Amino acid sequence: MTRDEAKTILLLYRTPADADDPQIAEALAFAKSDSGLSQWFAEHCARQEMLRRAFREIAVPAGLKEKILAAQEKTARKKNSWAEADWRILFRPIPLTAMAAAVIIGLLIFGGIQYQHRANEWREHHSLANFQNSMVGMAENGYAMELQTNDLKQIQNYFARNDAPADYTLPPNLENATVTGCAVKDWNGAKVSVICFRTGKPLLPGQQNDLWLFVMDESAAKTFSASASPQFQKVDRLATAFWSRAGKIYFLGTSYDDGSIRDWL
């Protein structure tokens, strides 16, 4: 988790009860280890307490209930007729307490909209669609293999040295594919192990591989999960399979025209 991600999550924090949410709890733990974020969070909590205190200090005007009921009765009698006296009532000076309440409510509504907007942006940025599109975009738009080798053991060792997922399990059929190398990709602060293969079919001009396996720790998926049974779908020009096993998320992609992705599982 990065500082910006933690800050976006902590914008939703209101009371200690919110710490029961796993994402907020993780962000709180991160804030404790970051002095700058910790200071910002303390100021955020102070602002929330100030707003709550301001609400508690607003006194309900005397006779408010009776006035509301009387106004409703008057409106019902004159629903089709607005007299001059009614307009004077509408434009009477607003009491300071009511004005203060309106300002505070407006600020809270505006702040709530901003918090919700940022929360929605965070969820979209951490969505399954974003993960899949990012991985497919890498495969389709070109990349540099950080290690070129046909030795799967060397690839696992490379991932382990670079703190990327290395304790994965390849599908049986994929172990028989021709491996050409690997790379480590970052996705929202999480490392993704990328293993590059060739199916044996002719490659397009400039293409290095036509089969890719992406492996990520399941704990890095904040907003989605995967089942043990592979789920198949088209993502842009690739045929893909998506599944999880033993704490790892697997995403396999190959050229869409191939149509034989099931043969590699």
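Quick caveat, the model's predicted, so the values are computed rather than measured.

Some words on the packing of aromatic side chains
Think of a pair of aromatic rings as described by two things: how far the centres are apart, and how the planes are tilted against each other in angle. Scanning all chains against the criterion turns up 10 aromatic pairs. Consider the rings of Phe131 and Trp187, whose centres lie 5.3 Å apart with planes at 75 degrees: the pair is edge-to-face. Placement of Phe131 in helix H7 (residues 128-141) and of Trp187 in strand E2 (residues 178-187) is noted, with a sequence separation of 56 residues between them. One exposure class covers both Phe131 and Trp187, and it is buried. A network of ring pairs unites the aromatic residues Phe131, Trp187, Phe214, Phe224, Phe242 and Phe251 as a single cluster. Over the ring of Phe232 we find Arg262, and its NZ or CZ is 3.9 Å from the ring centre.

Here's the deal with the pairing of strand E3 (residues 190-198)
Among the nine residues that make up E3, seven are buried, leaving the element largely enclosed by the rest of the structure. Relative to E3, E2 runs antiparallel, the two sharing nine bridges. Counterpart to Gly181 in the pairing with E3 is Cys196. Where E3 and strand E4 (residues 211-217) come together, five bridges link them in antiparallel fashion.

Describing the packing of helix H1 (residues 3-10) against helix H2 (residues 22-32)
Where H1 contacts H2, the two axes come as close as 9 Å, and the packing angle between them is 125 degrees. In terms of axis orientation, H1 runs oblique to H2. The handedness of the crossing between H1 and H2 is left-handed. When H1 is examined against H2, the residues Arg3, Ala6, Ile9 and Leu10 are found in contact with a partner set consisting of Gln23, Ile24, Ala27, Leu28, Phe30 and Ala31.

Examining the sheet that holds strand E6 (residues 238-245)
Read across the open sheet, the seven strands follow the order E1-E2-E3-E4-E7-E6-E5; overall the sheet is antiparallel. Each edge of the open sheet is held by one strand with a lone partner, namely strand E1 (147-148) and strand E5 (231-235). With seven bridges joining them, E4 and strand E7 (residues 248-255) adopt antiparallel strand pairing. Paired with Leu211 across the strands is Thr254, a residue of E7. Contacts between helix H8 (residues 152-161) and the sheet are confined to E1, E2 and E3, with E2 contributing the most and set at about 15 degrees to the helix.

Overview of the pattern of salt bridges
Should their charged atoms come close, side chains of opposite charge can pair. Summed over all chains, the structure comprises four salt bridges. The salt bridge partner of Asp167 is Lys248, with a shortest N-O separation of 3.0 Å. In this pair, Asp167 is assigned in the loop between H8 and E2 and Lys248 in strand E7, connecting sequence segments 81 residues apart. On the basis of relative accessibility, which here comes to 7%, the residue Lys248 falls in the buried class. Linking Asp217 and Lys248 is a salt bridge whose minimum nitrogen-to-oxygen distance equals 3.0 Å. One end of the pair, Asp217, is in strand E4; the other, Lys248, is in strand E7, and 31 residues separate them in sequence. Residues participating in the shared-partner salt-bridge network are Glu140, Asp236 and Arg237.

About the cut-offs
Every chain is numbered on its own, with residues counted from 1 as its sequence reads. Owing to the predicted nature of the model, reporting of local features is limited to residues with pLDDT of at least 70; listing and counting of side-chain atom pairs is limited to 80 or more, with chain, interface and lining totals taken over all residues. Think of the side-chain values as coming from all heavy atoms in the structure, minus any hydrogens and water. Two rings from Phe, Tyr or Trp (for Trp, the six-membered ring) form a pair when their centres are within 6.5 Å of each other. A pair whose planes differ by under 30 degrees is stacked, one over 60 is edge-to-face, and the rest are tilted. Each helix corresponds to a stretch of at least 4 residues labelled H or I by DSSP, and each strand to a stretch of at least 2 residues labelled E; elements are numbered beginning at the N terminus. With a 1.4 Å probe rolled over the protein chains alone, any residue whose accessible area is under 20% of its type maximum counts as buried; one over 50% counts as exposed, and the rest are partly exposed. In this scheme, Lys NZ or Arg CZ marks a charge over a ring once it lies within 6 Å of the ring centre and within 35 degrees of the ring normal. Here, a strand pair is defined by DSSP locating no fewer than two bridges between the strands. The axes are straight lines fitted to the C-alpha atoms, using for helices just the contacting stretch, and the angles between their N-to-C directions are given from 0 to 180°. An angle below 35 degrees is treated as roughly parallel, one above 145 as roughly antiparallel, one from 65 to 115 as roughly perpendicular, and anything else as oblique. Handedness of a helix crossing follows the sense of rotation of the near helix relative to the far helix, less than a right angle counterclockwise being left-handed and clockwise being right-handed. Here a residue-residue contact requires only that any non-hydrogen atoms of the pair lie within 4.5 Å. Throughout this description, the term salt bridge denotes a Lys or Arg side-chain nitrogen within 4 Å of a carboxyl oxygen of Asp or Glu.

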